[in-house]
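Structural overview for review
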Amino acid sequence: MNNGLKASKILSREQAIAHISENLEKGNTLILAMFDIDFFINVDARVGKPEGDRILERISRFLADSVNTEFTRYGGDEFLAVYKGKTAEELKFELEALRKDFRRERFISTDSIYGKVPITVSISITKSGGNSSDTWILLKSAEIGLAMAKKMGRNRVIITPEQNISVSNNLQDAVMTISGGLKGYGGDGGNAFEAGFAEPYGVEINSEGELYVVDRGNHCIRKVDHKGIISTVAGRGFYGYGGDGGQAVKAMINKPNGVAIDKFNKIYIADTGNHCIRKIDNSGNIYTIAGCGEEGYTGDGGMATRATMSRPGGVAVDDKGYVFTNDYGNNVIRMITPEGIIHTIAGSGQFDYTGDGGDPLKAGLNKPYGLAVTGDGNTLYIADYGNNCIRKVDRKKNIISTVCGNGKEGYTGDNSDADKSQISKPFWVGIWPPDYLLIADGENNCIRVVNTKTNKIATLAGNGNPGYKDGAVLNREIEFNLPAGVVADARRRLVYVADYGNNAVRKIRVEQLPC
């Protein structure tokens with residue numbers, strides 16, 4: 001693998017972290033370059049895992065030859081290089097050239113039909129010093145920077161803004177971290193605070209208040225019990241599609257996004273990469289209940305297991321057993337009945353912002369993400385991501401309307417009318433019964449609250465800036481980085497957030513809702 005380099009320059013992840021710690025203890029200034037191969041899972045899925053592994057080996061050799069410094073595979077399709085004696089600006093100039101060379105390189109075998117398809121890379125540059133003189137914080141800053149580069153459109157090099165990270169696991173704090181280890185997959189059987197996550201997305205609680213988290217990048221669902229112990233309940237840590245009829249922990253799932261739990265504690269998973277919805281029964285066995293594993297848009301009015309869907313992301317279930325999902329790639333919302341029949345219930349399939357006041361099936365949506373449903377199933381809320389708003393489907397009246405956001409991207413309107421406010425790329429919506437909505441206002445890096453009775457909106461936590469700050473007091477110092485999933489435990493006055501860009505799961509203690 002070293003292709004002529006000195007063996008000492010290619011390190012294991014553990015060796016690289018030890019190398020960073022040793023240099024920081026000596027007072028040396030370091031710069032970390034963290035690399036992410038853009039959309040590599042799509043490449044891997046097309047060419048097959050054996051060729052995908054060979055592609056990563058070729059990429060590793062190319063990067064190791066190019067960076068000429070201590071280098072490691074950080075995990076999955078991410079890599080890390082450690083520099084001394086350079087400025088961030090000098091390094092950015094060098095890595096811009098590397099990025100362009102990278103895109104011109106052909107890592108896929110020329111025997112493949114995809115041999116001429118370019119692969120791109122996103123890179124963050126993070127300098128030690130100040131708050132980032134601690135190894136953990138420096139690496140976390142680099143992860144935050146990489147999330148920013150990806151959010152900005154990928155295939156780019158950015159210098160990470162200086163981060164003032166503050167992480168707490170104090171249960172009495174207003175905002176604390178449930179699990180915020182460095183990006184990775186580990187920790188099962190131990191304290192969740194020390195565990196690694198990769199792109200946590202949807203979150204849910206069961207009837208006992210235990211927390212379930214979609215560990216999207218690790219292709220699994222994880223659980224944190226009341227003692228703070230973490231375990232995996234579905235998935236094996238690598239992507240695939242298999243295991244139906246057997247134990248969920250031995251099954252394979254693929255880039256899941258959402259999780260829901262019904263009143264009987266049965267678990268529903270939006271198995272996004274496999275284009276299906278799966279269910280875990282009370283014996284821990286997993287089954288596909290919608291989607292046949294192929295991407296498409298067919299099957300309405302028939303058995304859900306014979307239907308095709310396209311990247312369903314959110315999933316919600318009412319007390320009668322009706323399951324709802326956002327069929328993201330088809331730009332519609334679909335419902336699976338308790339008898340296993342699938343129907344489209346909202347969205348015309350057109351990517352636009354139309355239809356308020358009318359039939360939900362004639363309305364235009366734009367990349368619907370997370371969704372939530374009331375227990376009686378009469379009201380469905382949709383995070384209409386591309387339209388920067390939250391839509392409501394009144395299933396009794398068969399009418400769709402906008403309850404939050406005016407369709408324009410922004411961060412305005414606190415303490416005024418929710419339907420005139422501005423939100424920015426909302427990933428998720430949750431219900432705090434009976435009259436409040438929680439919104440993961442993704443690109444505003446905050447959690448917002450809507451009072452559905454008074455039509456008022458306010459910010460619960462976050463100040464609009466991307467970062468990582470817990471705190472004893474719920475104030476404007478709190479920071480998130482692309483919050484994706486959100487769920488309320490109203491009985492215990494808690495809110496859980498999947499802090500996607502920070503690879504962390506966080507908890508908010510709510511003494512009083514702000515509107």
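First, a word on scope: everything that follows refers to the structure included in this document.

Rules of the game
Residues numbered from 1 in each chain as written. Predicted model: local features only at pLDDT ≥ 70, side-chain atom pairs only at ≥ 80, totals over all residues. Heavy atoms only, no water. Helix = DSSP H or I, 4+ residues; strand = E, 2+ residues; numbered from the N terminus. Expected span 1.5 Å × (residues − 1). Pairing = 2+ DSSP bridges. Axes fitted to C-alpha atoms, helices over the stretch in contact; angles between N-to-C directions. 1 Å grid on protein atoms, 1.4 Å probe; cavity = no way out; pocket = protein on both sides within 12 Å on 5 of 7 lines; lining within 4 Å. Points joined across faces, edges and corners; volume = space filled by probe spheres on them. Nonpolar A, V, L, I, M, F, W, Y, C, P; charged D, E, K, R; others polar. Phe/Tyr/Trp six-rings, centres within 6.5 Å; stacked < 30°, edge-to-face > 60°. Buried < 20%, exposed > 50% of the residue type's maximum accessible area, 1.4 Å probe, protein only. Lys NZ or Arg CZ within 6 Å of the ring centre and 35° of its normal. Salt bridge = Lys/Arg side-chain N within 4 Å of Asp/Glu carboxyl O. Contact = heavy atoms within 4.5 Å. Core = buried A, V, L, I, M, F, W, Y, C linked by side-chain atoms within 4.5 Å.

This part is about helix α5 (residues 135-151). Spanning 17 residues, α5 covers 24 Å between terminal C-alpha atoms, matching the ideal 24 Å at 1.5 Å per step. Of the residues one or two after α5, G153 is the one with positive phi, at around 125 degrees.

What follows concerns the sheet that holds strand β9 (residues 211-215). Strand order across the open sheet formed by 4 strands is β8-β9-β10-β11, with antiparallel pairing between neighbours. Each edge of the sheet is formed by a strand with only one pairing partner; in this case those strands are β8 (200-205) and β11 (230-234). This sheet shows a mean twist of 30 degrees between the axes of neighbouring strands, independent of strand direction. Sheet topology places β8 next to β9; 4 bridges connect them, and they run antiparallel. From the neighbouring strand, I205 faces β9, where its bridge partner is L211.

So, on to the layout of surface pockets. Quantified by volume, the second largest pocket comes out at close to 840 Å³. In this structure, the second largest pocket is lined by 34 residues; those nearest its centre are E204, V373, I431, V487 and A488. Classifying every residue of the lining of the second largest pocket gives 20 nonpolar, 7 polar and 7 charged.

Here the focus is the packing of aromatic side chains. To describe a pair of aromatic rings, you give the distance between the ring centres and the angle between the ring planes. Applying the stated criterion across every chain yields a total of 11 aromatic pairs. For the pair Y369 and Y385, a centre-to-centre distance of 4.4 Å together with 10 degrees between the ring planes defines the contact as stacked. Here Y385 lies in the loop between β21 (379-384) and β22 (389-394) and Y369 lies in strand β20 (residues 368-373), a separation of 16 residues in the sequence. Relative accessible area serves as the criterion here: at 16%, Y369 is assigned to the buried category. Through a chain of ring-to-ring contacts, the aromatic side chains of Y201, Y328, Y369, Y385, F427, W428 and Y500 assemble into a single cluster. In this structure, R13 is placed above the aromatic ring of Y74, and the distance from its NZ or CZ to the ring centre is 4.1 Å.

All chains considered together, the criterion is met by 34 salt bridges. For K183, the salt bridge is made with E199, and the minimal N-O distance between the two is 3.8 Å. In this pair, K183 sits in the loop between β7 (175-179) and β8 while E199 sits in the loop between β7 and β8, placing the two residues 16 residues apart along the sequence. E199 matches K183 in its accessibility class, with the two residues each being buried.

It is worth spelling out the sheet that holds strand β3 (residues 70-75) at this point. Taken in spatial order, the 6 strands line up as β1-β3-β4-β2-β5-β6 in an open sheet, and their pairing is mixed. Two strands in the sheet have a free side with no partner beyond their single neighbour: β1 (10-11) and β6 (157-159). The pairing of β1 with β3 spans 2 bridges and is parallel. By the bridge assignment, L11 is partnered in β3 with T72. Its contacts with the sheet put helix α3 (residues 49-67) on β1, β2 (31-37), β3 and β4 (78-83), and the angle it makes with β4 is roughly 15 degrees. In this fold α5 packs onto β2, β3, β4, β5 (121-127) and β6, with an angle of close to 140 degrees to the strand it touches most, β5.

Counting residues in hydrophobic clusters, the biggest one holds 41 residues, and the most contacted among them are Y201, I221, W432, L438, L460, V495 and I508. Counting residues in each nonpolar core, the second largest holds 31 residues, with I55, Y83, V121 and I125 among its members.

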